[in-house]
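Summary of the model geometry
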Amino acid sequence: MERLWWSVKYENAYIYEYKDGKALYLGLEKYFQYYNFERRHAGIDHHLPSNRYFSSKNTPLFYEGDLQEKYLQNIHYKSA
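So, here is what we can say about the structure in this document. Nothing here was measured: the structure is a model prediction, and the numbers come from that model.

Here we take up the packing of aromatic side chains. For the coordinates displayed, the defined rule picks out eight aromatic pairs. An angle of 45° between the planes, with centres 6.1 Å apart, marks the rings of Tyr16 and Tyr18 as tilted. The exposure class of Tyr16 is partly exposed, given its relative accessible area of 46%. Ring geometry for Tyr31 versus Tyr34: centroids 6.0 Å apart, planes at 50°, classification tilted. Taken together, the positions of Tyr31 and Tyr34, both in helix α2 (residues 21-37) and three residues apart, correspond to about one turn of that helix. Overall, the relative accessible area of 5% leaves Tyr31 in the buried class. Each member of the aromatic cluster is reached from another via a ring pair, and the members are Trp5, Tyr31, Phe32, Tyr34 and Tyr35.

How each quantity is defined
- Residues numbered from 1 in each chain as written.
- Predicted model: local features only at pLDDT ≥ 70, side-chain atom pairs only at ≥ 80, totals over all residues.
- Heavy atoms only, no water.
- Phe/Tyr/Trp six-rings, centres within 6.5 Å; stacked < 30°, edge-to-face > 60°.
- Buried < 20%, exposed > 50% of the residue type's maximum accessible area, 1.4 Å probe, protein only.
- Helix = DSSP H or I, 4+ residues; strand = E, 2+ residues; numbered from the N terminus.

Printed below as a string of structure tokens:
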């Protein structure tokens, strides 16, 4: 688990300057798609996690509409 968050921080969060919570959410959503479906992992013999853990490489990790509906409604923005 710690390795995952190291990757998230150093491959995404520290590189991009997200302007607000929505931008962060969408950026991380895109990163996790990359992380699970395109990035090879040394810990699993340089395989893709999607090929290793999902029945099909086209199986979505999540359903975008459900996530946006569930989580974006809970993001509250501070007024400037």
